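Observations on chain architecture
What follows is the residue order along each chain.
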Amino acid sequence: MNQQQSIRFTAKEILEKDFKTSMRGYNPDEVDKFLDSIIQDYELFQRKVEHLEQENAALKREVKKLSERSQRQSPAQTVGSTNYDILQRLSNLEKKVFGSKLYE
């Protein structure tokens with residue numbers, strides 16, 4: 001969403017909007033029912049936005065923590081854990097390819 005765009009109406013403003021009637025105007029009951037539906041959707045959208053903003057903030061904090069943790073980890077630890085992962089994968093591959101022949 002563009003930062004300059006903002007929500008123009010609150011659910012309360014929609015609810016309290018008063019339309020003028022004329023001789024050939026809309027059916028006020030029909031308009032009220034439609035506005036009630038809009039208000040319900042609007043409130044749901046607002047709750048979803050708030051939930052997503054909270055989730056986004058939590059994910060940003062998690063990324064920051066993981067980034068800080070990886071920066072603190074020394075290169076030797078990273079290489080060591082990578083080597084261990086590679087050896088583990090090779091071992092699993094050997095077991096699948098050679099099976100019981102490997103231990104004869």
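Residues numbered from 1 in each chain as written. Predicted model: local features only at pLDDT ≥ 70, side-chain atom pairs only at ≥ 80, totals over all residues. Heavy atoms only, no water.

It is worth spelling out the overall build of the protein at this point. Check the secondary structure of the protein and you find three helices and zero strands. The secondary structure elements of the protein, listed N-terminal to C-terminal, are α-α-α. Across the 104 residues that make up the protein, the buried fraction comes to 4%. Summed over its atoms, the accessible surface of the protein is roughly 10400 Å², and 55% of this surface lies on carbon and sulfur atoms. (Helix = DSSP H or I, 4+ residues; strand = E, 2+ residues; numbered from the N terminus. Buried < 20%, exposed > 50% of the residue type's maximum accessible area, 1.4 Å probe, protein only. Areas by Shrake-Rupley, 256 points an atom, 1.4 Å probe, with all protein chains shown as cover.)

Mapped onto the fold, D18 is located in the loop between α1 (11-16) and α2 (28-72). Along the backbone, D18 and D32 are 14 residues apart, and their C-alpha atoms lie at a distance of 9.8 Å.

The next point concerns the UniProt feature "coiled-coil region" (unreviewed entry) in the protein. The residues that UniProt annotates with the feature "coiled-coil region" (unreviewed entry) are residues 35-69. For residues 35-69, the helix share is 100%, the strand share is 0%, and the end-to-end C-alpha distance is 51 Å. (UniProt positions renumbered as here; feature names shortened; annotations may be inferred.)

Once that is clear, we can look at α2. Compared with an ideal rise of 1.5 Å per residue, which puts 45 residues at 66 Å, α2 spans 65 Å between its outermost C-alpha atoms and is within 8% of the ideal. Two or three places before D29, at the start of α2, stands the capping residue N27, its side-chain oxygen 3.0 Å from that residue's backbone nitrogen. (Expected span 1.5 Å × (residues − 1). Polar contact = N/O pair within 3.5 Å; in protein donor to acceptor, adjacent residues only side chain to side chain.)

A word on the pattern of salt bridges. For the structure shown, the criterion picks out one salt bridge. A salt bridge links E62 to K65, with the shortest nitrogen-to-oxygen separation between them at 4.0 Å. In this pair, E62 and K65 are both assigned in helix α2, three residues apart and thus about one turn of the helix distant. E62 sits in the partly exposed class, given a relative accessible area of 35%. Owing to a relative accessible area of 47%, K65 belongs among the partly exposed residues under this scheme. (Salt bridge = Lys/Arg side-chain N within 4 Å of Asp/Glu carboxyl O.)

This next bit is on the confidence of the model for the protein. Residues with a pLDDT of 70 or more make up 84% of the protein, whose mean pLDDT is 80. Within the protein, α2 carries the highest mean pLDDT (88), whereas helix α3 (residues 75-98) carries the lowest (75). (pLDDT = per-residue confidence, 0-100.)

We now examine a nonpolar patch on the surface. On the surface, a nonpolar cluster with roughly 590 Å² of combined accessible area is contributed by I86, L87, L90, L93, V97 and F98. Within the secondary structure, L90 sits in helix α3. (Patch = residues over 30% accessible without salt bridge, like charges linked within 9 Å, V, L, I, M, F, W, Y side chains within 5 Å.)

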